[in-house]
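# A look at the structure
Take a look at the letters that make up each chain.
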Amino acid sequence: MNIHEYQAKQVLKAYGAPIAEGVPVFDAAGAEAAAKKLPGPLYVVKSQIHAGGRGKGKFKELSPDAKGGVRLAKSVEEVVANVKEMLGNTLVTKQTGPAGKQVNRLYIEGGADIARELYLSILVDRSVGRIAFVVSTEGGMDIETVAHDTPEKIITVAIDPETGVTAADVAKLNTALKLDGDAAKDGSTLFPLLYKAFTDKDMSLLEVNPLIVMKDGRLRVLDAKMSFDGNALFRHDDIKALRDETEEDAKEIEASKWDLAYVALDGNIGCMVNGAGLAMATMDIIKLYGAEPANFCDVGGGAGKEKVAAAFKIITADPKVEGILVNIFGGIMKCDVIAEGVIAAVKEVGLKVPLVVRLEGTNAELGKKIINESGLNVVSADDLDDAAKKIVAAVKG
Ligand code: ADP
Ligand code: MG
């Protein structure tokens, strides 16, 4: 689960991170009062969407010369004018895709006097089985470009879970970021507290881009992106309360209610499978035959008929889906349960696209019989290869 920048900053502020004062704004009427709470004279109006690259982003509804999704303002009046221009419009950034994201919340923050923009993130580094800091002096811009063009400018410091962030780790990070004096002192408190926030709250990613050194030599967290491990959310009611469902794919929200592993993708073949490995293999073979999957949907091992029906309905509700491939290897999951779930869903919502079903394993014969006797227009397949060929042929017409 992701949260907005202003929420991430509230989380970090509670741990003592150096963050400017700011106020979220949800409607133009609140803009003036919000700006007046801040000392001024410099303000920044920041679009709150679950995507980065906002500064360089463009609003669809505004002229191409209009300013982007992060704007400086030099007075309360300028703040209000920017809020009116930005709120409700669609911001397109490198990370949103061409459709963009509607800006429903803004964050007004005190402006900072920036000397240097640095990059800092904390992530779970699976290659070493540890939480690691990834830092670079080249902050503020697209870190993927830095990683591609000048990988030597990105430095990783993995943290031993037994000790947490040690003085030696702090020294490495300060050196990597070329921090000295007050900035290095700030680093020695900031790095451990960020690590503590990360582990306390079960984050999967914390990205501060940029972390800045100000003209007075102090550090400040200027931007913050935070993702949490969904499997740990049950023990963080405070974090769960920060969820903004308007930022998420409606189908993924419905799927999460049913505890389905569902990820919306860009292709046109809907897939219903059991097991993540089979899901990956199914997506691969669809691609091999020249089409693209519209989703990754794993109904798991112990699903009942209702859950299978819910999964099928989520897949058919996607307007991008031009064909569906049900690929089941029955183990704990029984093929007859899948067949009954699919039929229940089709009876309720109909079936407007071709459906190829491949059932193998526990109760496969019974499952096939249920489908054959249902009168549904289903193409049955013998194996994975056959199934993929048939569904790709069906959507290509
Ligand atoms: P994004 O990464 O989505 O573009 P950022 O929050 O990183 O958004 O802002 C983009 C740029 O805007 C920063 O790199 C920085 O140069 C500038 N900026 C952001 N917040 C402030 C602030 N409070 N004061 C001054 N400049 C800011
Ligand atoms: Mg940023």
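Residues numbered from 1 in each chain as written. Chains lettered and ligands numbered in written order. Predicted model: local features only at pLDDT ≥ 70, side-chain atom pairs only at ≥ 80, totals over all residues. Heavy atoms only, no water.

### Examining the coordination of the magnesium ion (ligand 2)
- Here the magnesium ion (ligand 2) is held by the protein donor atoms N209 (O) and D223 (OD), which lie 2.1 Å from it. Of the two residues, N209 sits in strand 12 (residues 203-214) while D223 sits in the loop between strand 13 (219-221) and strand 14 (225-228), which places them 14 residues apart along the sequence. The exposure classification of N209 matches that of D223, with both residues buried. (Donors = N, O, S within 2.8 Å, 3.2 Å for Na, K, Ca; no water. Helix = DSSP H or I, 4+ residues; strand = E, 2+ residues; numbered from the N terminus. Buried < 20%, exposed > 50% of the residue type's maximum accessible area, 1.4 Å probe, protein only.)

### Some details on the sheet that holds strand 2 (residues 22-25)
- Overall, antiparallel pairing links the 4 strands, which are arranged 2-8-3-5 in an open sheet. Where the open sheet ends on each side, the last strands, each with one partner, are strand 2 and strand 5 (70-73). The mean angle between the axes of side-by-side strands here comes to 20°, regardless of whether they run parallel or antiparallel.
- Here strand 2 pairs with strand 8 (residues 106-110) via 4 bridges, running antiparallel. When the bridges of strand 8 are listed, V25 appears paired with L106.
- With respect to the sheet, helix 1 (residues 5-14) is in contact with strand 2, strand 3 (43-47) and strand 8, its orientation differing from that of strand 8 by roughly 50°.
- Relative to strand 5, helix 3 (residues 76-86) is tilted by about 155°, and along the sheet it contacts strand 2, strand 3, strand 5 and strand 8. (Pairing = 2+ DSSP bridges. Axes fitted to C-alpha atoms, helices over the stretch in contact; angles between N-to-C directions. Contact = heavy atoms within 4.5 Å.)

### Structural notes on the sheet that holds strand 7 (residues 101-102)
- Judged by pairing direction, the sheet is antiparallel, and its 3 strands sit side by side in the order 4-6-7 without closing on themselves. Each edge of the open sheet carries a strand with a single partner, namely strand 4 (58-59) and strand 7.

### Comments concerning the domain arrangement of the chain
- Domain annotation of the chain identifies domain 1 (21-110), domain 2 (114-240) and domain 3 (249-396).
- Look at where the C-alpha atoms of domain 1 and domain 2 centre, and you get two points 25 Å apart.
- Listed by partner, the interface residues are 6 residues for domain 1 and 5 residues for domain 2.
- Where domain 1 packs against domain 2, one counts 2 salt bridges.
- Here D223 makes a salt bridge to R54, at a shortest N to O gap of 3.0 Å.
- Looking at the side of domain 1 that touches domain 2, its residues break down into no nonpolar, 2 polar and 4 charged. (Domains from an automatic or database assignment. Salt bridge = Lys/Arg side-chain N within 4 Å of Asp/Glu carboxyl O. Nonpolar A, V, L, I, M, F, W, Y, C, P; charged D, E, K, R; others polar.)

### Considerations on the site of ligand 1
- Neighbouring ligand 1 are 17 residues, the closest being K46, R54, G55, A112 and E117.
- Within the side chain of E109, an N or O atom sits 3.0 Å from a nitrogen atom of ligand 1.
- In the environment of ligand 1, an oxygen atom lies 3.2 Å from a nitrogen or oxygen atom belonging to the backbone of N209.
- Notes on ligand 1: free accessible area 540 Å², of which the protein chains cover 84%.
- Classifying every residue of the shell around ligand 1 by side-chain character gives 6 nonpolar, 6 polar and 5 charged.
- When residues are assigned to domains, the shell around ligand 1 turns out to be shared by domain 1 (21-110) and domain 2 (114-240), each giving three or more. (Near = heavy atom within 4 Å. Polar contact = N/O pair within 3.5 Å; in protein donor to acceptor, adjacent residues only side chain to side chain. Areas by Shrake-Rupley, 256 points an atom, 1.4 Å probe, with all protein chains shown as cover.)

### Structural notes on the packing of helix 9 (residues 276-288) against helix 13 (residues 384-396)
- Here helix 9 crosses helix 13 at 50°, and the two axes come no closer than 9 Å. Judged by the angle between their axes, helix 9 and helix 13 are oblique. Our pair here, helix 9 against helix 13, has a crossing hand that is right-handed. When helix 9 is examined against helix 13, the residues A281, T282, I285 and I286 are found in contact with a partner set consisting of L384, D385, A388 and V392.
- Split by residue class, the contact of helix 9 with helix 13 holds 6 nonpolar, 1 polar and 1 charged. (Parallel < 35°, antiparallel > 145°, perpendicular 65-115°, else oblique. Left-handed = near helix turned anticlockwise from the far one by under 90°.)

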